[in-house]
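Single-letter residue listing:
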Amino acid sequence: MKKTLSILLIFFLFGVNAQHLVSSSQVGSTTSSFILGITSGLSLEHDVDMYKIIYNTVDALGQPTIASGALLIPTNSNCIDFPISVYNHGTSLRKIDVPSNNVSETLIGKIFSAGGYFTCMPDYVGMGDSPGLHPYVHAESEATAAIDMVRAAREFIDSLEMVDNGEVFLTGYSQGGHACMATNKYIEDNNLQSEFNVIASAPCSGPYALSVTMADSITSLTPYSNPGYIAYLLASYQMVYGNIFNSWSDILQSPYDTIVPPYFSGENTTLDMGMLNNLLPSVMDSLIQDSVLTNFINDSVEKNHPLWLALLDNDNFNWTPQNPVNMYYCTADEQVAYTNALLADSVMNANGAASVVSINSGNGLNHNDCVVPALSSAFDWFQSLKTGCATDISSNTLESKLTIYPNPSSESLNVHYSGISNLKIYSIDGKLMYEKQMDSRVIIDVFGWDSGIYLLEIIQAKSSVRQYFIKQ
């Protein structure tokens, strides 16, 4: 049955906290037996309901906009609490080729959901129902699209009277690998770990070092399998930074300066990447204007050219992840050089990363053949790390509705409770430390509190539930 929630209903359910979810509509359902029939060796227990959600976010320039995405919900069990996984999809050129339209790549999200995750699959800004041109491999807008979708998904999960258990797992393939890494980095750079408790991140076959590997594709005389990616990147960075070129003829040779623009109108629903690749030369000195290419190459040391600066701004290999990161790659990848993972591995570990590993998923496997082994390994790794179901839907007790994490806590405490209630926290000697009327979720700053044991009490109607937590 198709289910549609208008923005008015969302605000009625969640009050002023409903700032992300705009609407949702159920697309369909898939049985675990069907998913098992097209997979091999994975543990998949749940049927899956698929929803398309529209949510508020910001575009590449920081202006308010909307985005769409596919949200996959595990069903058919007594369990109602699951972790959240985020799958970022690969490069799409047509606005309609996105997870929320139930394309073939949406199956990946269904697999994760069947394994026991609320799975978010953002379409990205400028794709799906989001207006304008997609800012291709623009790290910040990839990250904000994913983060705001998780926020919107949490609002919708609350409306289903289900509970996310506070754990977040990030993955993605190809461009999605870059988006996965960008999201993980953005969370740490902006101190959002208490809101997004990233247990593990598994970027797969992603271009993390754009200023190295993508630059090599631009400057090399060796043919590149996907010249359309270069045109996409140029269109994206011109939109975001505004200083790459004034007109297509400034940067592309004829006739490509007239062939390319319709693909990047911001409204393209018919022209795909395969069509564009077939129309473009595979060697960049036949595509890009000689003067532009010469200036770019001559500036390969100082890197002050606007295109160099844009590539550098969207690198995401030189940072220090605090959560475990496994990067999966294949050595015959013709679209995204596997050296992206090796370089990121080397730099991150030199920076003192907690646990970063690059993992070869197949010698001799190309970009498309690497999808299954890479993502299967990511899935198995996530399964080994996630917390299993703790809430039985057959038990409608107050205790079953309450989730707090992390416990022990040193900085922030997340409290999740289904239903409008009054929250109170007492010190061990009975002092009231905190009180708030809440409707689903609250994040409490406990950084300045004394170390020790505290009692958390939820009061709903004439009933209450209590739980202890430890402040480190």
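Analysis parameters
- Numbering of residues starts from 1 in each chain and follows the order in which that chain's sequence is written.
- Reporting of local features is limited, given that this is a predicted model, to residues whose pLDDT is at least 70; pairs of side-chain atoms are given and counted only at 80 or more, and all residues count toward the totals for whole chains, interfaces and linings.
- To obtain the side-chain values, all non-hydrogen atoms of the structure were included, while hydrogens and water were left out.
- Strands qualify as paired when DSSP identifies two bridges or more between them.
- Here a strand is any run of E in DSSP of at least two residues, a helix any run of H or I of at least four, and the numbering for each starts at the N terminus.
- To obtain each axis, a line is fitted to C-alpha atoms, and for helices this fit is confined to the stretch in contact; angles are then taken between N-to-C directions over 0 to 180 degrees.
- Pairs of N or O atoms are called polar contacts if they sit within 3.5 Å, as long as, within protein, a hydrogen donor faces a hydrogen acceptor (for residues adjacent in sequence, only side-chain-to-side-chain pairs).
- In what follows, a contact means two residues having at least one pair of non-hydrogen atoms within 4.5 Å.
- We call a set of buried Ala, Val, Leu, Ile, Met, Phe, Trp, Tyr and Cys residues a nonpolar core when their side-chain atoms join them within 4.5 Å.
- Burial status follows relative accessibility: with a 1.4 Å probe on protein chains alone, a residue under 20% of its type maximum counts as buried, one over 50% as exposed, and anything between as partly exposed.
- The predictor attaches a confidence to each residue, called pLDDT, with possible values from 0 through 100.
- What a helix is expected to span follows from its residue count: subtract one and scale by 1.5 Å.
- An arc is given here, and it is the one of the directions from the helix axis to the C-beta atoms.

**Here we look at the sheet that holds strand 15 (residues 441-445)**
Across the sheet, 3 strands lie side by side as 11-12-15; this open sheet has antiparallel pairing. Every other strand in the sheet has two partners, leaving strand 11 (402-405) and strand 15 as the edge strands with one partner each. Pairwise comparison of adjacent strand axes, ignoring direction, gives a mean angle of 15° for this sheet. Looking at chain direction, strand 12 (residues 412-417) and strand 15 are connected through 5 bridges and run antiparallel. If you follow Leu 413 over to strand 15, its bridge partner there is Ile 444.

**Things to note about the side chain of Ser 358**
Within the secondary structure, Ser 358 sits in strand 10 (residues 356-360). Here the side chain of Ser 358 touches Asp 345 through a polar contact of 2.7 Å, side chain to side chain. Those residues in contact with Ser 358, other than ones at most four positions away along the chain, are Met 327, Tyr 329, Ala 341, Leu 342 and Asp 345.

**Here's the deal with the nonpolar core**
In terms of nonpolar packing, the biggest core is built from 43 residues, with Leu 234, Phe 264, Ile 288 and Leu 311 touching the most fellow members. Secondary-structure elements contributing two or more residues to this core are helix 6 (210-219), helix 7 (227-241), helix 8 (248-251), helix 10 (273-279), helix 11 (290-298) and helix 12 (306-313). The element contributing the most residues to this core is helix 7, with 8 residues. Beyond its immediate chain neighbours, meaning those up to four positions away, Leu 311 contacts Leu 210, Ser 211, Met 214, Ala 215, Leu 233, Tyr 237 and Phe 296. Listed in part, the 32 residues of the second largest apolar core include Val 86, Ile 157, Met 162 and Phe 196.

**Some remarks on the confidence of the model for the chain**
Averaged over all residues, the pLDDT of the chain equals 91, while 93% of them reach at least 70. Low pLDDT (under 50) marks residues 1-18, which in the prediction has 33 contacts with non-local residues, meaning those over four places away or in another chain.

**A closer look at helix 14 (residues 371-385)**
Its 15 residues give helix 14 an end-to-end C-alpha distance of 21 Å, which sits within 8% of 21 Å, the value for a rise of 1.5 Å per residue. Among the residues of helix 14, Ala 374, Leu 375, Ala 378, Phe 379, Trp 381 and Phe 382 are the ones counted as buried. Angular distribution of buried residues about the axis of helix 14 spans 165°; they occupy a single face of the element. For helix 14, the exposed residues lying more than 90 degrees away from the buried face are Val 372 and Ser 384. The secondary structure elements touched by the buried residues of helix 14 are strand 5 (81-88), helix 3 (106-114), strand 7 (163-173), strand 8 (197-204) and strand 9 (325-329).

**Notes on the environment of Gly 362**
Tracing the chain through its elements places Gly 362 in the loop between strand 10 and helix 14. Exposure remark for Gly 362: the relative accessible area of 12% places this residue in the buried category. If we skip the residues at most four places from it in the chain, Gly 362 touches Tyr 329, Cys 330 and Thr 331.

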